[in-house]
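# Understanding the architecture of this molecule
Spelled out, the chains give:
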Amino acid sequence: MEKDAQVAEALLATSTGQAALDYAIQAAELYMRAASSTSKKQDAARFRQRCNALIAQAEKLKTQLPKAPLRLDGADILRQSSLLHGNEFPPWEKDPSDAEFQHKSGQELFTDETTFSLSPIQTENFASWQRPRDLCDIPDDDLDALMKPTQSCNLVQDITTDCSVVASLSAAIDMLTGKHSVLAFIIHPFNHDSGYPKISASGKYVFRMNFNGCWRRVVIDDRLPASRTDRTLFVVDRRNPRLIWPALLEKAYLKVRGGYDFPGSNSGTDLWVLTGWIPEQLFLQREDFDLSTTWRRIKAAHETQDVVVTLGTGRISTEEEEVMGLVGEHDYAVLDMDCSNGIRKLLIKNPWCNGPVWTGAGWSTPQKSSTAGMMQDGDIASRKTDRYPSGTLWVAFEDVAQHFESMYLNWNPKLFPYRQDRHFSWSTPPKYLAASLVRNVQYSVTCPRGGLVWALVSRHFVDQELVIMRNRRGSMAAMAEQLGYMSILIFEANGKRVQTSEGQLYRGPYVDSPQTLARLETEPGKQYTVVLDQQELPLKNYNFTLAVFSELPAEVREAQEAMSHFQEIEGSWSRRTAGGNSSLPTYFINPQYKLSTTRTGPVSILLTTGDQDVHVHVDLVWAAGKRVSSIRVKDLAGTSGEYRQGCAVANIPKLDPGIYSLVCSTFEANQTADFALRVSSTSAVELESVPADAAGRLRNSLTPLALTEREERMRAQIRVSWLTRGSVCVRNVGPKSSRDEFVRQPSSLMIRVYIVHGWGPEQLTVAESGDGEFVESTVALRTPEFDLEPERTHSGQMWLVVEIIGVHNTPTSLEMDVFSDSPVHVGPWQSW
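Model, not experiment: these values are computed from the prediction. (Residues numbered from 1 in each chain as written. Predicted model: local features only at pLDDT ≥ 70, side-chain atom pairs only at ≥ 80, totals over all residues. Heavy atoms only, no water.)

### Concerning the overall build of the chain
If you tally the helices and strands in the chain, you get 17 helices and 48 strands. In terms of C-alpha radius of gyration, the chain reaches 36 Å, well past the compact-globule figure of 28 Å for 832 residues. When the backbone C-alpha atoms are referred to their principal axes, the chain occupies close to 120 × 85 × 55 Å. Each of the 832 residues in the chain was classed as buried or not, and the buried ones make up 53%. Counted over contacts in the chain with a minimum sequence separation of 6, partners at least 24 positions apart contribute 79%. Surface accessibility of the chain: about 37,800 Å² in total, with carbon and sulfur atoms responsible for 49%. In the chain, 86 positive and 101 negative side-chain charges are present, and the distance between their average locations comes to 5 Å. (Helix = DSSP H or I, 4+ residues; strand = E, 2+ residues; numbered from the N terminus. Rg over C-alpha atoms; globule rule 2.2 N^0.38 Å. Buried < 20%, exposed > 50% of the residue type's maximum accessible area, 1.4 Å probe, protein only. Contact = heavy atoms within 4.5 Å. Areas by Shrake-Rupley, 256 points an atom, 1.4 Å probe, with all protein chains shown as cover. Lys, Arg positive; Asp, Glu negative; His and termini not counted. Charge placed at Lys NZ, Arg CZ, Asp CG, Glu CD.)

### Here we look at the pattern of salt bridges
When their charged atoms lie close together, side chains carrying opposite charge are able to pair. According to the stated counting rule, one finds 38 salt bridges in the structure shown. A salt bridge links Lys-251 to Asp-221, with the shortest nitrogen-to-oxygen separation between them at 2.6 Å. With Lys-251 in helix H9 (residues 245-257) and Asp-221 in strand E9 (residues 214-221), this residue pair connects regions lying 30 residues apart in the sequence. Asp-221 carries the same exposure label as Lys-251, and that label is buried. With a closest N to O distance of 3.0 Å, Asp-771 and Arg-632 form a salt bridge. Residue Asp-771 is found in the loop between strand E42 (764-768) and strand E43 (775-776), and its partner Arg-632 is found in the loop between strand E30 (615-621) and strand E31 (636-639); the two are separated by 139 residues along the sequence. A residue is classified by how much of its surface remains accessible, and Asp-771, at 58% relative accessible area, is exposed. (Salt bridge = Lys/Arg side-chain N within 4 Å of Asp/Glu carboxyl O.)

### Concerning the domain arrangement of the chain
Annotation of the chain at the domain level lists domain 1 (1-64), domain 2 (87-276), domain 3 (279-359 + 387-411), domain 4 (416-558), domain 5 (565-689) and domain 6 (698-831). Put simply, the middle of domain 2 and the middle of domain 6, counted by C-alpha atoms, are 84 Å apart. (Domains from an automatic or database assignment.)

### Considerations on unusual backbone geometry
Pro-189 follows His-188 through a cis peptide bond whose omega is 10°. Position of Pro-189 among the secondary structure elements: in the loop between strand E5 (187-188) and strand E6 (190-191). Of note in the backbone geometry, Ser-181 takes a positive phi value of approximately 45° without being a glycine. Within the fold, Ser-181 resides in the loop between helix H8 (173-177) and E5.

### Things to note about the environment of Leu-135
With respect to the helices, strands and loops of the structure, Leu-135 is situated in helix H6 (residues 132-136). Along the primary structure Leu-135 and Pro-225 are separated by 90 residues, whereas in three dimensions their C-alpha atoms are 9.1 Å apart. Look past the residues within four positions of Leu-135 in its chain and what remains in contact with it is Gln-130, Leu-224, Ala-226 and Phe-234.

### Thoughts on the packing of aromatic side chains
Each aromatic ring pair is summarised here by two numbers: the centre-to-centre distance and the angle between the ring planes. In this structure the tally under the stated criterion is 21 aromatic pairs. Seen from their ring centres, Trp-426 and Phe-544 are 6.0 Å apart, and the 55° between their planes marks the pair as tilted. Separated by 118 residues along the polypeptide, Trp-426 in strand E18 (residues 418-427) and Phe-544 in strand E25 (residues 541-550) bring together distant segments of the chain. A relative accessible area of 3% places Trp-426 in the buried class. Under the relative-accessibility criterion, Phe-544 is labelled buried at 0%. Taken together, the ring pairs in this structure connect Phe-424, Trp-426, Tyr-443, Tyr-542 and Phe-544 into an aromatic cluster. The ring of Phe-211 carries the charged tip of Arg-216 above its face, separated from the ring centre by 5.9 Å. (Phe/Tyr/Trp six-rings, centres within 6.5 Å; stacked < 30°, edge-to-face > 60°. Lys NZ or Arg CZ within 6 Å of the ring centre and 35° of its normal.)

### Overview of helix H2 (residues 17-37)
Its 21 residues give H2 an end-to-end C-alpha distance of 31 Å, which sits within 8% of 30 Å, the value for a rise of 1.5 Å per residue. When H2 is considered as a whole, its buried residues turn out to be Gly-17, Ala-20, Leu-21, Ala-24, Ala-27, Ala-28, Leu-30, Tyr-31, Ala-34 and Ala-35. Where H2 is buried, its residues meet helix H1 (2-13), helix H3 (41-64) and strand E27 (565-573). (Expected span 1.5 Å × (residues − 1).)

### Side note on the sheet that holds strand E24 (residues 527-535)
Strand order in this open sheet of 5 strands is E22-E21-E24-E19-E26, and the pairing throughout is antiparallel. Where the open sheet ends on each side, the last strands, each with one partner, are strand E22 (506-507) and strand E26 (555-558). (Pairing = 2+ DSSP bridges.)

### Digging into the pairing of strand E23 (residues 515-522)
Judged by how many residues are buried, E23 sits mostly within the fold: 6 of 8 residues are covered. Of the strand pairs in this sheet, strand E20 (residues 451-459) and E23 are connected by 8 bridges, and their pairing is antiparallel. Residue pairing across strands places Leu-452 opposite Glu-521, the latter belonging to E23.

### Structural notes on the sheet that holds E18
An order of E18-E25-E20-E23 is seen for the 4 strands of this open sheet, with the pairing classed as antiparallel. Edge strands, defined here as strands with exactly one partner in the open sheet, are E18 and E23. Averaged over all adjacent pairs, the angle separating strand axes in this sheet is 20°, with direction ignored. (Axes fitted to C-alpha atoms, helices over the stretch in contact; angles between N-to-C directions.)

### Side note on the pairing of E25
Among the 10 residues in E25, 9 count as buried, and that is most of the element. Across 10 bridges, E18 lies against E25 in antiparallel orientation. Bridge pairing links Ser-425 to Asn-543 in E25.

### A short note on the packing of H2 against H3
The geometry of H2 relative to H3 is characterised by a closest axis approach of 8 Å and an angle of 160° between their N-to-C directions. The orientation of H2 with respect to H3, classified from their angle, is roughly antiparallel. Handedness of the crossing formed by H2 with H3: left-handed. Taking contact as the criterion, the partners of Ala-20, Leu-21, Ala-24, Ile-25, Ala-27, Ala-28, Tyr-31, Met-32, Ala-34 and Ala-35 in H2 are, on H3, Ala-44, Phe-47, Arg-48, Arg-50, Cys-51, Leu-54, Ile-55, Ala-58, Leu-61 and Lys-62. Here the residues of the contact of H2 with H3 sort into 17 nonpolar, no polar and 3 charged. (Parallel < 35°, antiparallel > 145°, perpendicular 65-115°, else oblique. Left-handed = near helix turned anticlockwise from the far one by under 90°. Nonpolar A, V, L, I, M, F, W, Y, C, P; charged D, E, K, R; others polar.)

### Thoughts on helix H11 (residues 291-303)
For H11, built from 13 residues, the straight-helix expectation of 18 Å at 1.5 Å per residue is met to within 8% by its first-to-last C-alpha distance of 18 Å. Along H11, the positions that sit buried rather than exposed are Thr-294, Trp-295, Ile-298, Lys-299, Ala-301 and His-302. Buried-residue contacts for H11 involve strand E12 (278-283), strand E13 (307-312), strand E14 (331-338), strand E15 (345-349), helix H14 (397-403) and strand E17 (406-411). For H11, the N-terminal cap is Asp-290; the gap from its side-chain oxygen to the backbone nitrogen of Ser-292 is 3.1 Å. (Polar contact = N/O pair within 3.5 Å; in protein donor to acceptor, adjacent residues only side chain to side chain.)

What follows is the structure in structure tokens.
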């Protein structure tokens, strides 16, 4: 058993990361078993000693591994996401049989016990929940009218706040019942001969809806909210007033989203849930929006009925609503597209039954319709009058791009032969890591033969978000800010994890929608890293699903770390430690760390803060783990370059073994913020804080030394009573401005500080700043530590000397601190 333990130890010595931890635990267990099985006390003691040492090593290895929360597998996540608003929506397993909808004699009709909440205005108009026969007062021989329309549909909404749902159904009516007949896969029971749903004898309907990671089963009864006024509480068809399947589909969807007082959504999300068609949101006001490219994409897909198009407005002033006839933060359906006469135009419908009609810059034509303010194409109108209901308007595509905020496209998933889903949980990063990606979910995507790939991230619905939506005050935009934003970033990083967003191949817009899509044309065999990013998501934990659609086979797996060892430290710039950049005299007070490594290899240093107004920087200095007071280029082992907002990285391809000092700084002094420091490497690295100058030592702050233009060298006598070890720090603070701020001195002024014993030809230099060289006055100067012996200082021959060369047309003021183990007396300054 001892030999087995020694083999595990040998493997431990040549391993890193999780493998090293596994071997350490294995060897410790073997030594523990060997100690309990041996009869020799001396061997048992030796085995236990090795076991304890390996346990300590394992604990140290654990701290070097990336921190990760308890992981749930895909099945657990899907089960966890089945509960919403007190209802269970299990994953879809199979289509229900006809027997589930039969009604036996004497049996009560099916009743769904779910409570559907109503808004105040809905409650004012609400009469009761009624079955279709009572609601429509329809004879038995005409029941088919409940499910099968006699003419083309004209769906409208009234006081139910689901314009996005009704706009979605209006735009998708051909997709639902036409070529693709998606409705057959959604509603049960269904009559496949007629192409429309069946009447359920039991009053029970089962819907197959796509949300929270998979297709799910949604059950409702056929009762609808009847009104005691002429206002309606559910979607109705003006041309087929007795048609109820749209209202049943609406009810099932509103059960998923929380009730009839639904605070709002967007059509892209609604159609993703209702049909499973891939949502894409285009922001029409973005500078990079390409009208011609977009038109070609959607027009070709529209011809084959492979895309559904809807539109959304943003915030619009009351004056603009009145002048333009548009409704702010409202969704519109696109019923048709046309480019006759060289003019690209969309047929747009407002789903509100009494909504205003756009009177703005529509596509002009000589022939006007009977509806005031609307303009239609005479040829098209005469050819398709029955298809296009009143309340619609042909609008030039350029005008759509000018006056609408978003275009929502839902694409037929059958356009992609291949699909892979990955379900994951994510705890959003703490604020001080918000500017980095080290805690973000990242996946590697590779297409061996290349081709088009679409990556869709969908955030699962949760009750807490509905609470936020219902408690919103103000506009939908204000609510979006409370719900946060998310985006997809893509990198050419060989499928490895990335730390920051710098150098991304693709950055998607940050959307308030629960879905966001990235489209990528991949190169054969190239590994891409797909990253989910967020801004201000309010909840701590979320469940997501990544769906990867591709034209050719693709490989999707979690991205791996490029390094095997990690050290993380949290710190802060406080009032005492916010020293600013290296040109400031207070640079030396910044947080500093001792970094030790015993092997040559690459090292990456990440510094990040949650305060996006703070620009940060990190330097790795050859300083043997001692506190750095100033920076010279020749002393740098690595640097993050320019100060960057919120986050900085120093990548060092090859760092030699040694002990270094690491300095974390902000550009401006006195900027307080928390930060995280993360060091990644291929071998073990030790990181520990460097004590502040005054830590454990006496600090003697001398009276500021004011130098005039004629004075170039000053000295002061030093005395001690006991053997003392100390150092001196000097800062040029310059004259003060009228605002009581120090004025930075010209860079031509150079300073040197040193300690000498004796004077004249026989003087001995004990310690000197800058290795004896003059250094620019814009940085703090510091001497190495030195010893002060009482007998030498009592002879009156120990001096602190400040020497200046260069031009200084304004008075120069130097602040000095003496740090020591025992009291140090510094005499008055003498000019020499």
